[in-house]
Amino acid sequence: DPTQRWLRELVGMSQQLQQVHPNVLAKILKERTVYQNEEIVVIDKPYGLPVHGGPGIKNCIADVLPILAKMLENMKAEPLHLCHRLDKETTGVMVLARSKEAAEKIRQLFKTRQVEKIYWAIVLGDPDPIEGVVEIPIVEKEVQSHQSHYKMTLAPNYRLCPEDGKVVRIRKNRSAERAVTRYRRLGAASACSLLELQPITGVKHQIRVHLAYGLGCPILGDHKYSHWSKLAPQKLPELTLRRLKLEQSKARHLPLHLHAHRLCLPLGQPLDFVCKPPLFFQKTLRKLELDIPKD
């Protein structure tokens, strides 16, 4: 079955990235370079490649930065530096700096919210309203279930009083971080929507949490944030399964459909970088009959 094959290939690809020699990984990233100047290198990050190392991770972007720098410049080049991070499953625009000073400058631009980031996501359902801003603080919590694990979740400052339905302010969670995400719907079909997202703040898993728990529209393939209390594959609507030619039992193989589409960096003059969604994302859009927006 072509759909199963396509999903298996994707899973296989991210496993392969873990098994290749670091030189091969650096070469893959070199081929995915979309822009470079004396200060920065911009790459189109592939699916399934972690930015940082950790338990069970053999290959990550951080580890091959010295090799990539030499491949792009010369053997004397100093290692490239990370300026921001993307989740392992997120694809798209990623900025690396050629020097510590440039990295510091760019991190500062991210921190002071001067970098404009635009993401695309395919989500389940339809947000109501179709355009707006989600501003709900986010906190990390332990989920008590048969398999205890940690997740980011909402920590709202208000709730509805059950007696009279009035909005009441609740005590602020000390460790919650302010989180703001602007969103707008670009298209809807097959019980799914394509959203354009602009995270104003940069909290861990912010877009995923705001969409799943704030708007009730989890990202397609986001198995972590489609439920609260359990670790289980995402449950897909009948129509979506039909269009994707997928059985619910195989839904666990669906990749996360979140793509860092565009990034605008005010370095001297504003630099604007755009990465087209990866092939699997484009295929899903076609299968769901969601139109691919023209830039």
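Computed from a predicted model, the values in this text were never measured in an experiment.

Asks: Would you mind going over the overall build of the chain with me for this structure?
Replies: Counting secondary structure elements, the chain contains seven helices and 14 strands. Each of the three principal axes of the chain carries a C-alpha extent, and together these read 70 × 50 × 40 Å. For the chain, with 295 residues in total, the buried portion stands at 50%. Within the chain, counting contacts between residues at least 6 apart in sequence, those at least 24 apart form 64% of the total. Here the chain contributes 46 positively and 31 negatively charged side chains, and the mean placements of these two sets differ by 3 Å.

Asks: Just checking my understanding: could you explain the packing of helix α2 (residues 22-31) against helix α3 (residues 61-72) for this structure?
Replies: A pair of packed helices can be characterised by two numbers: the angle between their axes and the separation between those axes. Relative to each other, α2 and α3 sit at 65 degrees, their axes nearing to 8 Å. Of the possible angle classes, the one that applies to α2 and α3 is roughly perpendicular. Two packed elements cross with a definite hand, and for α2 against α3 that hand is right-handed. Between α2, through Pro 22, Asn 23, Leu 25, Ala 26, Lys 27, Leu 29 and Lys 30, and α3, the contact on the second element is made entirely by Ile 61, Val 64, Ile 67, Leu 68, Met 71 and Leu 72.

Asks: In this structure, what is going on with the environment of Ile 122? I would like to understand it.
Replies: With respect to the helices, strands and loops of the structure, Ile 122 is situated in strand β5 (residues 116-124). Residue class for Ile 122 comes out buried when judged on its relative accessible area of 0%. As a C-alpha pair, Ile 122 and Cys 217 span 95 residues in sequence and 9.3 Å in three-dimensional space. Leave out the neighbours within four places in its chain, and Ile 122 touches Cys 192, Ser 193, Leu 194, Ile 219, Leu 220, His 257, Phe 281, Thr 284, Leu 285, Leu 288 and Leu 290.

Asks: Could you clarify how one ought to interpret the nonpolar core in this entry?
Replies: Within soluble globular proteins, side chains that are nonpolar tend to cluster in buried spots. With 45 residues, the main nonpolar core has Ile 61, Leu 80, Leu 96, Leu 197, Leu 211, Ile 219 and Leu 258 as its most contacted residues. Counting residues per element, this core draws most heavily on α3, at six residues. Filtering out sequence-adjacent residues up to four positions away, Leu 96 remains in contact with Glu 39, Ile 40, Val 41, Ile 43, Leu 65, Leu 68, Leu 80, His 81, Leu 82 and Cys 83. Among the nonpolar cores identified, the runner-up in size contains 22 residues, and Leu 10, Trp 120, Ile 122 and Leu 244 belong to it.

Asks: Just to check I follow, could you spell out the domain arrangement of the chain for this structure?
Replies: How large an interface is tends to be reported as the accessible area lost when its parts come together. Domain assignment breaks the chain into domain 1 (1-112) and domain 2 (116-262). Computed from C-alpha coordinates alone, the two centres of domain 1 and domain 2 are separated by 26 Å. When the buried surface of domain 1 facing domain 2 is broken down by residue, Gln 4, Leu 7 and Asp 87 rank first, second and third, together holding 30% of it. Summed over the shared surface of domain 1 and domain 2, the number is one salt bridge. Here Asp 87 ties to Arg 208 by a salt bridge, and the two come within 3.1 Å at their closest N and O atoms. At the junction of domain 1 and domain 2, the tally comes to five residue pairs in polar contact (both at pLDDT 80 or more). Within the residue set of the side of domain 1 that touches domain 2, elements represented by two or more residues are α1 (2-19) and β4 (91-97). At five residues, α1 tops the list of elements feeding residues into the side of domain 1 that touches domain 2. Along the lines of polarity and charge, the residues of the side of domain 1 that touches domain 2 split into seven nonpolar, five polar and three charged.

Asks: Please explain the packing of aromatic side chains as it appears in this structure.
Replies: What characterises a pair of aromatic rings is the spacing of the ring centres plus the angle enclosed by the ring planes. Throughout the structure, instances matching the rule amount to four aromatic pairs. Taking the centre distance of 5.3 Å and the plane angle of 70 degrees together, the rings of Tyr 47 and Phe 280 count as edge-to-face. Of the two residues, Tyr 47 sits in the loop between β2 (40-45) and α3 while Phe 280 sits in helix α7 (residues 279-287), which places them 233 residues apart along the sequence. By the burial criterion, Tyr 47 is buried, and Phe 280 matches it. Relative to Tyr 225, the ring of Tyr 213 lies with its centre 6.0 Å away and its plane at 75 degrees, an arrangement referred to as edge-to-face. Of the two residues, Tyr 213 is situated in helix α5 (residues 206-214) and Tyr 225 in the loop between α5 and α6 (238-244); the sequence distance between them amounts to 12 residues. Through a chain of ring-to-ring contacts, the aromatic side chains of Tyr 213, Tyr 225 and Trp 228 assemble into a single cluster.

Asks: Honestly, the UniProt feature "domain: Pseudouridine synthase RsuA/RluA-like" (unreviewed entry) in the chain in this entry has me stumped. Any pointers?
Replies: UniProt annotation of "domain: Pseudouridine synthase RsuA/RluA-like" (unreviewed entry) refers to residues 40-212 when read in the numbering used here. The distance separating the terminal C-alpha atoms of residues 40-212 is 34 Å; by composition the span is 18% helix and 38% strand.

Asks: Sorry if this is basic, but what is going on with the pattern of salt bridges here?
Replies: Side chains that differ in charge, positive against negative, can pair when their charged atoms come close. Tallying each qualifying case throughout the model produces 14 salt bridges. In this structure, Glu 31 engages Lys 27 in a salt bridge whose closest nitrogen and oxygen atoms are separated by 3.7 Å. Here the residue Glu 31 and the residue Lys 27 both occupy positions in helix α2, the gap between them amounting to four residues, near one helical turn. A relative accessible area of 59% means that Glu 31 is categorised as exposed. Overlapping salt bridges bring together Arg 85, Asp 87, Arg 208 and Asp 222 as one network.

Conventions we followed
Residues numbered from 1 in each chain as written. Predicted model: local features only at pLDDT ≥ 70, side-chain atom pairs only at ≥ 80, totals over all residues. Heavy atoms only, no water. Helix = DSSP H or I, 4+ residues; strand = E, 2+ residues; numbered from the N terminus. Buried < 20%, exposed > 50% of the residue type's maximum accessible area, 1.4 Å probe, protein only. Contact = heavy atoms within 4.5 Å. Lys, Arg positive; Asp, Glu negative; His and termini not counted. Charge placed at Lys NZ, Arg CZ, Asp CG, Glu CD. Axes fitted to C-alpha atoms, helices over the stretch in contact; angles between N-to-C directions. Parallel < 35°, antiparallel > 145°, perpendicular 65-115°, else oblique. Left-handed = near helix turned anticlockwise from the far one by under 90°. Core = buried A, V, L, I, M, F, W, Y, C linked by side-chain atoms within 4.5 Å. Domains from an automatic or database assignment. Buried area = accessible area lost by both parts, 1.4 Å probe. Salt bridge = Lys/Arg side-chain N within 4 Å of Asp/Glu carboxyl O. Polar contact = N/O pair within 3.5 Å; in protein donor to acceptor, adjacent residues only side chain to side chain. Nonpolar A, V, L, I, M, F, W, Y, C, P; charged D, E, K, R; others polar. Phe/Tyr/Trp six-rings, centres within 6.5 Å; stacked < 30°, edge-to-face > 60°. UniProt positions renumbered as here; feature names shortened; annotations may be inferred.

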